[in-house]
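Take a look at the letters that make up each chain.
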Amino acid sequence: MPTRTIVDATIPSAGRVYDYLLGGHHNFEIDRRAADRVRTLIPFLPKLMRLFRWCLQDLAYELTYVRGYDAIVDFASGLPTSDHLHSAVAPGTTVIYSDRDPVSVEYGLEILENTPNVHYFQADCRYPLEYLSRPEVQSILNGKRKIAYVYWGISMYLTDAEIKNISKELYDYADDDACMAFYLQPYDPESAVGQQVMELYSKMGDPLQFRNLPSFKELFKPWVADNLGYRTMEEWHGVESPLAPEEMHFFPDKTVGYGVYLVKGK
Amino acid sequence: MSPQHSKLAEVVAENQSKIADNLFAAVQPSLYTNKMHVAPRRLKQLLEEEVNALHTYLLQPDTAKVVEHGRQLVESGFGHQTMINLTVTLRSVGWQWLSQQNPTASEVMAIETYTSALMEGYLTGFEALLQREQQLTHEAYRRAQDR
Ligand SMILES: C[S@@+](CC[C@H](N)C(=O)[O-])C[C@H]1O[C@@H](n2cnc3c(N)ncnc32)[C@H](O)[C@@H]1O
């Protein structure tokens, strides 16, 4: 994992590139240039990002109003801007954000300052057990009935072994009625464009990892998808794919990505 | 406050869902544009609220309220292109109706005034958001570096 952080404004950062491609303002010229290069290689990337970013509001609603979770622990949260989970959860829900990037944490703390029941910690999402065991997190979660865990828009930064470890640690830690919401990013790494994009992100210090649906399912075990299953982003939002047919070639599963609610299935 | 436009308000109320559908079709192309944070499922509802807001204005033409409403649309996640498509469509709906009537001068101006105030609010709201975010980012970097 890269040791550089988003604080370094002299080299592009994947987090700030993401922010820029979503129309945010937390980025520098160097990020915008990198983003433009990425966009030249994969012009549909902003659409893809938007599709999975839109899910955050749905997740908040579904987990709290529909499924009755009273706490959400969100990993690799990014900036908690006004479209993030806390803006759409049921009243009284506890939301704990985290990210490994110190600027996102500081920024988050600043904008969430007066928001009741919303917290933000610095943490590496690859080690959920270490994080959940921290006294400051424990003291917030203490007494919470049902906890939902969210890993959204992060699968591409995690290796197989890391996803496997996250699944296992959370499975062992969580209550039987817990839920883990996960966004899966498939892509064809073998394609020429895939290679170029991966090279660009590697230079930023954030190497990308892609896998197909069966591989994801294997890594999530023993978690299983709930009755909604692995929903493509198109199904999730009720939209046609915004990508041109030739752009779909980069997606081995013929979808830009999947969202899933993983449960213990006991 | 300008005089109310009850005839126009009636037309808007009667055609509420049709106008919302028109707006939805008009903003579809900008769904994936930069600065657009509204998920497709929420968009329909927000656009219905926009028709209601216009209706309220026609009955109680308070421009300051419209400007404030425009500012809030920034928070709702409407992007630039969406705002342009939205206001163009509202104006064209208004003109379509007015062209079949014998409108008064103030009726002619009503939707123009409304959409301009909405845009004014949106632009000032967007500028304020930019400045706020700039400040927050600056401070966050400083604190992260001081750690
Ligand atoms: C694409 S953004 C996703 C943000 C948000 N979850 C969303 O869905 O929009 C990825 C975020 O993951 C963070 N990140 C990357 N690797 C991480 C790790 N190992 N632990 C925690 N955060 C990480 C980055 O700093 C960035 O903020």
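For clarity, every value in this text was computed on a predicted model and none was experimentally measured.

A. Representation of the confidence of the model for chain B within the structure. Residue and element names in this part refer to chain B. Put simply, chain B has an average pLDDT of 90, and 97% of its residues get 70 or more. Here helix H1 (residues 6-14) stands out as the element of chain B with the lowest mean pLDDT, 89, in contrast to helix H4 (residues 63-76), whose mean of 95 is the highest. Interface confidence for the predicted complex, given as ipTM, is 0.81, next to a pTM of 0.90.

B. Structural detail: the side chain of Ser191 of chain A. Residues and elements named next belong to chain A. By the secondary structure assignment, Ser191 is in the loop between strand S5 (179-184) and helix H9 (192-203). Judged by relative accessible area, Ser191 falls into the buried class, the value being 13%. A polar contact is formed between the side chain of Ser191 and the backbone oxygen of Asp188, at a distance of 3.0 Å.

C. The arrangement of the state of the cysteines in detail. All names here are of chain A. For the structure on display, the rule yields zero disulfides over all chains. With no disulfide of its own, Cys55 lies 14 Å from the sulfur of Cys179, the closest cysteine sulfur. We classify Cys55 as buried; its relative accessible area is 0%. As a non-bridged cysteine, Cys125 has Cys179 as the owner of its nearest cysteine sulfur, 17 Å distant. Exposure remark for Cys125: the relative accessible area of 8% places this residue in the buried category.

D. Representation of the site of the ligand. All names here are of chain A. Taken together, 17 residues form the shell around the ligand, and within it Tyr18, Arg53, Asp99, Cys125 and Trp152 come nearest. One nitrogen or oxygen atom from the main chain of Cys125 is found 2.8 Å from a nitrogen atom belonging to the ligand. Trp152 places a polar main-chain atom, nitrogen or oxygen, 2.8 Å from a nitrogen atom of the ligand. Protein chains bury 96% of the 600 Å² of accessible surface belonging to the ligand in isolation.

E. Up close: the nonpolar core. Core analysis: the biggest nonpolar cluster contains 132 residues, and Trp152, Phe182 and Tyr201 of chain A have the highest contact counts within it. When near neighbours in sequence (up to four residues on either side) are disregarded, Trp152 of chain A contacts Phe52, Cys55, Leu56, Leu59, Ala76, Ala181, Phe182, Tyr183, Met233, Trp236, Gly259 and Val260 of chain A. If you look at the next biggest cluster of nonpolar residues, it comprises seven residues, including Leu79, Val103 and Tyr107 of chain A together with Leu136 of chain B.

Thresholds, definitions, all that
- Residues numbered from 1 in each chain as written.
- Chains lettered and ligands numbered in written order.
- Predicted model: local features only at pLDDT ≥ 70, side-chain atom pairs only at ≥ 80, totals over all residues.
- Heavy atoms only, no water.
- pLDDT = per-residue confidence, 0-100.
- Helix = DSSP H or I, 4+ residues; strand = E, 2+ residues; numbered from the N terminus.
- Buried < 20%, exposed > 50% of the residue type's maximum accessible area, 1.4 Å probe, protein only.
- Polar contact = N/O pair within 3.5 Å; in protein donor to acceptor, adjacent residues only side chain to side chain.
- Disulfide = S-S within 2.5 Å.
- Near = heavy atom within 4 Å.
- Areas by Shrake-Rupley, 256 points an atom, 1.4 Å probe, with all protein chains shown as cover.
- Core = buried A, V, L, I, M, F, W, Y, C linked by side-chain atoms within 4.5 Å.
- Contact = heavy atoms within 4.5 Å.

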